[in-house]
2 protein chains.
Amino acid sequence: MDNNFQLANKQACLDQLRKLGIDYISHDHDPAPTIEEVLKIKVSDGTAYVKNLLYVDKKQNYYLILANHTTQVGKQFWKTLGLSSGNMRLSKEEQIGEALKSSKGNVNPFAVANDTNNLVKNIIIDEVLRKYQRLALHPIENTTTVEISLDDLQNKFLKILNRQFTVLQLTDEAAEQKQEQQQKEQQKDQQNLQTLAITVKKSDFSEWYQQVIRKAELIEYYDVSGCYILRPWAYFIWEQIQRFFDDLIRTEEVENTYFPMFLSGKHLNKEKEHVEGFKAEVAWVTKYGESDLNEPLAIRPTSETIMYPAFAKWVQSHRDLPLKVNQWTNIVRWEFKFPTPFIRTREFLWQEGHTAHSTREEAVKQVYTILDFYEQVYGELLAVPVIKGIKTESEKFAGGDFTTTVETIIPQNGRGLQGATSHHLGQNFSKMFEINFEDDKKQKSFVWQTSWGLTTRSIGAMIMFHGDDKGLVLPPRIAKYQIVIIPIIHKDLHEQQLNERCEQIRQILIKQKLRVHLDSRDNYSPGWKFNKWEQKGVPIRLEIGPGEFKNNEVRVVQRYDNQKYQIKLEELNQLNQILDNIHNAMLHKARFDLNSRIKQAENWKDFMSQLNQRNTILTKWCQREECEKQVKTKSGIESKEKDSEVDGQIQLTGSAKTLCMPLQQDQIQEGEICFHCGQQAKKYVLWGRSY
Amino acid sequence: MDNNFQLANKQACLDQLRKLGIDYISHDHDPAPTIEEVLKIKVSDGTAYVKNLLYVDKKQNYYLILANHTTQVGKQFWKTLGLSSGNMRLSKEEQIGEALKSSKGNVNPFAVANDTNNLVKNIIIDEVLRKYQRLALHPIENTTTVEISLDDLQNKFLKILNRQFTVLQLTDEAAEQKQEQQQKEQQKDQQNLQTLAITVKKSDFSEWYQQVIRKAELIEYYDVSGCYILRPWAYFIWEQIQRFFDDLIRTEEVENTYFPMFLSGKHLNKEKEHVEGFKAEVAWVTKYGESDLNEPLAIRPTSETIMYPAFAKWVQSHRDLPLKVNQWTNIVRWEFKFPTPFIRTREFLWQEGHTAHSTREEAVKQVYTILDFYEQVYGELLAVPVIKGIKTESEKFAGGDFTTTVETIIPQNGRGLQGATSHHLGQNFSKMFEINFEDDKKQKSFVWQTSWGLTTRSIGAMIMFHGDDKGLVLPPRIAKYQIVIIPIIHKDLHEQQLNERCEQIRQILIKQKLRVHLDSRDNYSPGWKFNKWEQKGVPIRLEIGPGEFKNNEVRVVQRYDNQKYQIKLEELNQLNQILDNIHNAMLHKARFDLNSRIKQAENWKDFMSQLNQRNTILTKWCQREECEKQVKTKSGIESKEKDSEVDGQIQLTGSAKTLCMPLQQDQIQEGEICFHCGQQAKKYVLWGRSY
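Residues numbered from 1 in each chain as written. Chains lettered and ligands numbered in written order. Predicted model: local features only at pLDDT ≥ 70, side-chain atom pairs only at ≥ 80, totals over all residues. Heavy atoms only, no water.

## A few points about the overall build of chain A
Moving on, step 1. Looking only at helices and strands, chain A has 20 helices and 33 strands in total.
Moving on, step 2. Taking 691 residues into account, the globule formula puts the C-alpha radius of gyration at 26 Å, and chain A, at 29 Å, falls close to it.
Moving on, step 3. Across its three principal directions, the C-alpha atoms of chain A cover 85 × 80 × 65 Å.
Moving on, step 4. Looking at chain A alone, contacts between residues at least 24 apart form 69% of all its contacts between residues at least 6 apart.
Moving on, step 5. For chain A, the exposed surface amounts to about 29700 Å²; the carbon and sulfur share of it is 45%.
Moving on, step 6. Counting 91 positive and 91 negative side-chain charges, chain A places the centres of these two groups 1 Å from one another. (Helix = DSSP H or I, 4+ residues; strand = E, 2+ residues; numbered from the N terminus. Rg over C-alpha atoms; globule rule 2.2 N^0.38 Å. Contact = heavy atoms within 4.5 Å. Areas by Shrake-Rupley, 256 points an atom, 1.4 Å probe, with all protein chains shown as cover. Lys, Arg positive; Asp, Glu negative; His and termini not counted. Charge placed at Lys NZ, Arg CZ, Asp CG, Glu CD.)

## Describing the relation of the copies chain A and chain B
Moving on, step 1. Each copy superposes on the other: chain A lies on chain B with an RMSD of 0.3 Å after a rotation of 180 degrees and an axial shift of 0.0 Å. Interpreted geometrically, this transformation is the action of a two-fold axis. Residue Val 285 of chain A, judged by its C-alpha, is the member of chain A lying nearest the rotation axis, at 2.2 Å.
Moving on, step 2. Comparing interface residues between copies, 100% of those in chain A also lie at the interface in chain B; the contact surface is shared. (Least-squares fit on C-alpha atoms with pLDDT ≥ 70 in both.)

## Here's the deal with the sheet that holds strand 24 (residues 516–518) of chain B
All names here are of chain B.
Moving on, step 1. Judged by pairing direction, the sheet is mixed, and its five strands sit side by side in the order 24-23-25-26-27 without closing on themselves. Edge positions in the sheet fall to strand 24 and strand 27 (564–568), since each of these pairs with one other strand and no more. Each strand axis lies, on average, 25 degrees off the axis of its neighbour in the sheet, ignoring direction.
Moving on, step 2. Relative to strand 26 (residues 553–558), strand 25 (residues 540–544) runs antiparallel, the two being bridged by four bridges. Directly across from Ile 540, in strand 26, lies its bridge partner Gln 558.
Moving on, step 3. Helix 18 (residues 575–595) rests against strand 23 (483–487), strand 25, strand 26 and strand 27 of the sheet, and its axis sits at about 140 degrees to strand 25. (Pairing = 2+ DSSP bridges. Axes fitted to C-alpha atoms, helices over the stretch in contact; angles between N-to-C directions.)

## Looking at the UniProt feature "domain: Aminoacyl-transfer RNA synthetases class-II family profile" (unreviewed entry) in chain A
Moving on, step 1. The UniProt feature table records "domain: Aminoacyl-transfer RNA synthetases class-II family profile" (unreviewed entry) at residues 237–475 of chain A.
Moving on, step 2. For residues 237–475 of chain A, helix accounts for 31% and strand for 33%, while the C-alpha atoms at its two ends are 10 Å apart. (UniProt positions renumbered as here; feature names shortened; annotations may be inferred.)

## A look at the interface of chain A and chain B
Moving on, step 1. In this complex, chain A contributes 68 residues to the contact, which on the side of chain B involves 69 residues.
Moving on, step 2. Carbon and sulfur atoms supply 53% of the area that chain A and chain B bury against each other, a total of about 6200 Å² over both sides.
Moving on, step 3. Counting across the interface, chain A meets chain B through four salt bridges.
Moving on, step 4. Put simply, Lys 313 of chain B and Glu 220 of chain A hold a salt bridge, and the shortest N to O gap is 3.3 Å.
Moving on, step 5. Linking chain A to chain B there are 30 residue pairs in polar contact (both at pLDDT 80 or more).
Moving on, step 6. When its residues are assigned to classes, the side of chain A that touches chain B shows 34 nonpolar, 15 polar and 19 charged.
Moving on, step 7. Pairing of strand 13 (residues 283–288) of chain A with strand 13 (residues 283–288) of chain B involves five bridges; the strand directions are antiparallel. Looking at strand 13 of chain B, one finds that Lys 287 of chain A is bridged to Trp 284 of chain B. (Buried area = accessible area lost by both parts, 1.4 Å probe. Salt bridge = Lys/Arg side-chain N within 4 Å of Asp/Glu carboxyl O. Polar contact = N/O pair within 3.5 Å; in protein donor to acceptor, adjacent residues only side chain to side chain. Nonpolar A, V, L, I, M, F, W, Y, C, P; charged D, E, K, R; others polar.)

## Quick notes on helix 15 (residues 495–511) of chain A
Residue and element names in this part refer to chain A.
Moving on, step 1. Across its 17 residues, helix 15 extends 25 Å between first and last C-alpha, which sits within 8% of the 24 Å expected from 1.5 Å per residue.
Moving on, step 2. Those residues of helix 15 that fall on the buried side of the exposure criterion are Leu 498, Arg 501, Cys 502, Ile 505 and Leu 509. Down the axis of helix 15, the sector holding all buried residues measures 95 degrees, keeping them to one side.
Moving on, step 3. Close packing links the buried residues of helix 15 with strand 23 (483–487), strand 24 (516–518), strand 25 (540–544), helix 17 (546–551), strand 26 (553–558) and helix 18 (575–595).
Moving on, step 4. Residue Lys 513 follows helix 15 closely and has a positive phi angle near 65 degrees. (Expected span 1.5 Å × (residues − 1). Buried < 20%, exposed > 50% of the residue type's maximum accessible area, 1.4 Å probe, protein only. Arc of directions from axis to C-beta.)

## A word on the packing of aromatic side chains
Moving on, step 1. Summed over the entire model, instances satisfying the criterion amount to 62 aromatic pairs over all chains.
Moving on, step 2. With a centroid separation of 6.3 Å and an interplanar angle of 20 degrees, the aromatic rings of Trp 604 of chain B and Phe 675 of chain B are classed as stacked. Residue Trp 604 of chain B is found in helix 19 (residues 604–612), and its partner Phe 675 of chain B is found in the loop between strand 32 (657–662) and strand 33 (683–688); the two are separated by 71 residues along the sequence.
Moving on, step 3. Phe 675 of chain B sits in the buried class, given a relative accessible area of 6%.
Moving on, step 4. When the centroid spacing of 6.0 Å and the interplanar angle of 80 degrees are considered together, the rings of Trp 621 of chain B and Trp 687 of chain B count as edge-to-face. Placement of Trp 621 of chain B in strand 29 (residues 616–621) and of Trp 687 of chain B in strand 33 is noted, with a sequence separation of 66 residues between them. No difference in accessibility class separates Trp 621 of chain B from Trp 687 of chain B, as the two residues are buried.
Moving on, step 5. Cation over ring: Arg 501 of chain A sits above Phe 549 of chain A, and NZ or CZ is 4.3 Å from the ring centre.
Moving on, step 6. Stacked on the ring of Trp 233 of chain B, the Lys or Arg Lys 536 of chain B has its end atom at 4.3 Å from the ring centre. (Phe/Tyr/Trp six-rings, centres within 6.5 Å; stacked < 30°, edge-to-face > 60°. Lys NZ or Arg CZ within 6 Å of the ring centre and 35° of its normal.)

## Digging into the pattern of salt bridges
Moving on, step 1. Per the stated rule, a full pass over the model turns up 74 salt bridges over all chains.
Moving on, step 2. We note a salt bridge from Lys 324 of chain B to Glu 252 of chain B, for which the minimum N-O separation is 3.5 Å. One end of the pair, Lys 324 of chain B, is in strand 15 (residues 323–332); the other, Glu 252 of chain B, is in the loop between helix 8 (232–250) and strand 11 (255–256), and 72 residues separate them in sequence.
Moving on, step 3. Note on Lys 324 of chain B: relative accessible area 12%, which makes it buried.
Moving on, step 4. Among the charged side chains, a salt-bridge network with shared partners connects Lys 470, Glu 534, Arg 541, Glu 543 and Arg 555 of chain A.

## Considerations on the packing of helix 8 (residues 232–250) of chain A against helix 12 (residues 360–381) of chain A
Residue and element names in this part refer to chain A.
Moving on, step 1. Where helix 8 meets helix 12, the axes come as close as 10 Å, and the angle between the chain directions of the two elements is 145 degrees. Relative to helix 12, the crossing made by helix 8 is right-handed. Between helix 8, through Gln 240, Ile 241, Phe 244, Phe 245, Leu 248 and Ile 249, and helix 12, the contact on the second element is made entirely by Ile 370, Phe 373, Tyr 374, Gln 376, Val 377, Glu 380 and Leu 381.
Moving on, step 2. Of the residues that constitute the contact of helix 8 with helix 12, the class distribution is ten nonpolar, two polar and one charged. (Left-handed = near helix turned anticlockwise from the far one by under 90°.)

## Structural notes on the packing of helix 7 (residues 205–215) of chain A against helix 14 (residues 457–466) of chain A
Residues and elements named next belong to chain A.
Moving on, step 1. Axis separation between helix 7 and helix 14 bottoms out at 11 Å; the angle between their running directions is 115 degrees. Between helix 7 and helix 14, the angle falls in the class roughly perpendicular. Helix-helix and strand crossings are classified by hand; for helix 7 and helix 14 the assignment is right-handed. Along the contact surface, helix 7 presents Phe 205, Trp 208, Tyr 209, Val 212 and Ile 213, while helix 14 presents Gly 460, Ile 463 and Met 464.
Moving on, step 2. A breakdown of the residues in the contact of helix 7 with helix 14 according to their chemical character gives seven nonpolar, one polar and no charged. (Parallel < 35°, antiparallel > 145°, perpendicular 65-115°, else oblique.)

## Examining the sheet that holds strand 27 (residues 564–568) of chain A
What holds strands together in a sheet is hydrogen bonding between their backbones, with the strands either parallel or antiparallel.
Residues and elements named next belong to chain A.
Moving on, step 1. If you walk across this open sheet you meet the five strands as 24-23-25-26-27, and the pairing is mixed. Looking at the sheet topology across the chains shown, the edges are occupied by strand 24 and strand 27. On average, each strand axis in the sheet is tilted by 25 degrees relative to the strand beside it, whichever way the strands run.
Moving on, step 2. Packing of helix 16 (residues 526–535) onto the sheet brings it into contact with strand 23, strand 24 and strand 25, and relative to strand 23 it is tilted by some 170 degrees.
Moving on, step 3. Against the sheet, helix 18 contacts strand 23, strand 25, strand 26 and strand 27, and its axis sits at roughly 140 degrees relative to strand 25.

## Some words on the environment of Asn 68 of chain B
Moving on, step 1. The residue Asn 68 of chain B is located in strand 3 (residues 62–68) in this model.
Moving on, step 2. In this structure, the C-alpha to C-alpha distance between Asn 68 of chain B and Leu 81 of chain B, residues 13 residues apart in sequence, is 20 Å.

## Structural notes on the confidence of the model for chain A
Residues and elements named next belong to chain A.
Moving on, step 1. Residues of chain A with pLDDT of at least 70 account for 94%, and the chain-wide mean is 90.
Moving on, step 2. Contacts from residues 643–649, a stretch scored under 50 in pLDDT, to residues over four places away or in other chains number eight contacts.
Moving on, step 3. Across the predicted assembly, pTM comes out at 0.75 and ipTM at 0.75. (pLDDT = per-residue confidence, 0-100.)

## Focus: the pairing of strand 23 of chain A
Residue and element names in this part refer to chain A.
Moving on, step 1. Summarising burial for strand 23: five of the five residues are buried, a large majority.
Moving on, step 2. As paired elements, strand 23 and strand 24 share three bridges and run parallel to each other. What sits directly across from Val 484, in strand 24, is His 517.
Moving on, step 3. Running through helix 15, the crossover from strand 23 to the neighbouring parallel element strand 24 is right-handed.
Moving on, step 4. As paired strands, strand 23 and strand 25 are joined by five bridges and run parallel to one another. Following the sheet pairing, Ile 485 is matched in strand 25 by Leu 542. (Right-handed = clockwise from strand over helix to strand, strands pointing away.)

## A look at the environment of Ser 458 of chain B
All names here are of chain B.
Moving on, step 1. Note that Ser 458 resides in helix 14 (residues 457–466).
Moving on, step 2. By relative accessible area, Ser 458 is classed as buried at 0%.
Moving on, step 3. Sequence separation between Ser 458 and Lys 444 is 14 residues, and the spatial gap between their C-alpha atoms is 41 Å.
Moving on, step 4. Apart from the residues within four sequence positions on either side, Ser 458 is in contact with Trp 238, Ile 241, Tyr 378 and Leu 382.

Below, the structure is given as structure tokens:
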């Protein structure tokens, strides 16, 4: 790639961003030379408005500062760089021209590409900007604003220019305190606004998702990147998944247990392929208090290497088999990709099951039984359809033999999402950890093992599938409140009588083991409450106003399809059935939506066309790793060359990879060929862009 | 203290150990000059037999090596010290005399005290020894062996001599592999022995505890110090505690949630007293993969400072209060005291609840409601009696206002054990984290907070209370199997018929919602099974032999009191009641045992006398911190001067501290005085040595 490009204008800049594989959102507008003008441009939530300041010292060294618009840029940070603030001046028009071939009102980090004489000595980035998902910047010209991530700016754009950058706290201390105070006020304001409706439609998917999870009170943001607070509304869902899955695995005589979170490097390193798959993401504890640990300890990214030394102690004879344990824990993987609540987080919750068997056959059977359980969690609990399949060799679990998976496809953008995986580990780990047993003929053998995991990511899939423009839509079996009762006060109706009726209904529903909430707060209007509980996704709202009171009825409003009807009080026992019907209807619709995102392709052109229409593609495939790799690379390159908008929607870019080889598939005949390389096909495989 | 003591003989050595406050176990025996002889001496489980090697180089520098007896001391470690193995020779008799005033067969680290000319340049300790609880060493003379901890040897004995020591891996690599292999074989042997009976009586308490937790399959040891594996038999107990406590707090409308495990130093440091209380024990993540984190992250030692910034966002108005959340998580505290499974571990499981209220009154009420719940967990579930009380100012939660506690006393040794605590935090944290609200008069106030926690330590207390010489005894409500059915095969009885009968009984009991296990394995004898399930503490064993079969009966054997009786098949529905009776009887006995460890004292002499008879002591107290401190110091000093054995039992040493001021206590009158300082007494307080 050409590292010495210059960017004469907006078009050149945008072309370059695409060439570098940088995702951006762009907005055209009237010239916005000052930050005040910039603030009028509507950008996405989580995007920072950036002030660009070009300073110059007496020796004509330039320093470009990118600061959040609220940051009061102080003087003291210069010291950190070994410089004196007294020597620094804001650049004048001609100096900006000299350094960046640009002008006042057009200072931006992209223009550094034009600094062919290396006059800009340092690019200083406001520490505060780290907290934002994207930065709003002008691409050379101030008639357009692009939103790009700081990460892309640093690691894709500035890096290729070989430019140094320094992340610093720019405010002086007194100013900082004031700013903290302001931020707090803003947070409180934001809080007050939070119960207001979601400001975007689901078609603006990424922004919609960010708003839904906060406004439905599932997630609170946290100040450690990639870590989020699971609020009770979300954690309840996880508890339902735990109960449901625990009941399933109990039928397989799996026992719950707890192994330590810390792991010595020695054990982690024991299985080579395994450690290669995880080591870049492992978080290390090296200190306690003020002291260094003798040996750093890894935090579990998964527990194979934590558990299996103990397995070696416990398994002696075939009578000790099968050994089946499961644990519900937190897990840490320090991933590099941009974090998304539930979907990709650095700390997450999961269950991990581990079994050891005397025969391969028994272990393989275990793998598929668990896979069926995962399908049930998704289908019967979350109303999310999945496709059962096998991962290709290059996508399987590091160190395992083969990996089975439940995959789903998010209808809104056609991205594949791995729902849960169940691995056959073969004897790879048992040989490394010497887990062997004496069979009934006194012969020593290594055990056959499985491991399998399901994470809080499943909640993210559920939100993405069912939510709508009004907010979250919860399938009934995981909703903390399945039903909310809202009294509608009216001058014709005695308030106390109304409340008593509502309480009476609540008691009836509790007896039916329904999870029901009566919202009798008198400081909010019924309309406000309707919005509130719709946003939080409660499956059924029961309204009781003067008409219902008089007629001994309730008005039922179904969240997922907004259907409204009256039922008599004596028919309240139908609600369990109604909730089941809602579940089934949601799953049915979700399955339809998923299927509409699976297309077939016989050749490359059709493949790319379907991919760019946000679909996953089922193709015949030769099953060669080399071919898989080429498809991935080529689809990535060709995606990037497409226009960024199709039918008014932002185009996804990125490579297509194999999601799985579905278990249910037609037999491929001799002579049928791979859609890509033309060699004899062996399996149908599902391709797609993925989370 | 005299740092330049010399140790002429065994007596001088033992006296010195006591003077330095070093706990030891000693065994007298025939002279054991070689490691082969030493291996014949029976020492405690978890104690290493140590080879002591004195090397000398050409310049007459001496090096003392302490190696595990199985360690093949290699040559390569010398390089680590900048020395050459070629120059090293084992010392001869006269050289040992010169350096240590000792002789061959009497080399030991205590003799370093006699090296007045500083000839011993370094003391090298085998890294492997870190894994052992204690080391077996001769106190100068080889007719006695003492077991002391490496920590005491390093930090109490060698430190006072101002001696350097270096912990090193002593084996060369090839040797190490061989050794690993040997260790593995030994582990397997040990495993085979594990189902054999516990080798000590409960009166040998510490050793008994170590054996019970392993042989009942509650705990597996793990290679990170202070971390243990909770096996299914133990984790099931924790799940019962979770369910029971979740049901209780649900009545208080507490919601479960999950906050991140990581914490930036900035927030941790916000509440000064709080951070002072925890910072020495905090584990820090500083790296991921090969990279350093920009800012180290603390792992939660407790979550006040993780949660309260979010509380500040959520609480705006009095309508947002009370706010009540709870989470079940792992917790890390890198404690320095010697770890004991369940009782003191570096990673443990707990629940932590946090509430915020608009008035002090409401918060205080919450504190005591939770304290009652903790009493119920202990009493109604674990059959462990507790004393509710308030901690003194010096023992309260760091940063809180006051701490309430449920304390128990382990009857075997009279040690106090803090069972769970419920803190009133006042407004200390809300002021630091600006958690304020607008009341109904639009006035701003800070919230009043509580926090409260219960840990897996509760399981340890249960084991200590109820276990007996045969092993674990489980109270029925937490037992994974409440009943085990054992068929007794006999030539007069058709095996299939017997098994069918057993299965039929199992089905009847399952319908009664009893947790029942049928042990119909044909490769173990009934006697072996009796032992096995007794060791694991199953409350009831049902035996069915020819007599029972014929008479339509079962034989009931109660674990806790070994009572045996027949019941008719049609009386099987009594078993639920029988289990309840067992629970009540166990709790009753436990309460009696606990009460027998609480004595009163009016003066110092009686106080020390009771303390040394392994009791806790309830005294009148002036409630002054200064007085409390003096009692602690004085009792510590006077304990150490006592003989090490009383009535053939090892004497506990260590200070007495305040356990709590019991809630139920008599009013103290004007003129009644503090047992220690003689000033006006204010409260009764319970003192004791504690876990």
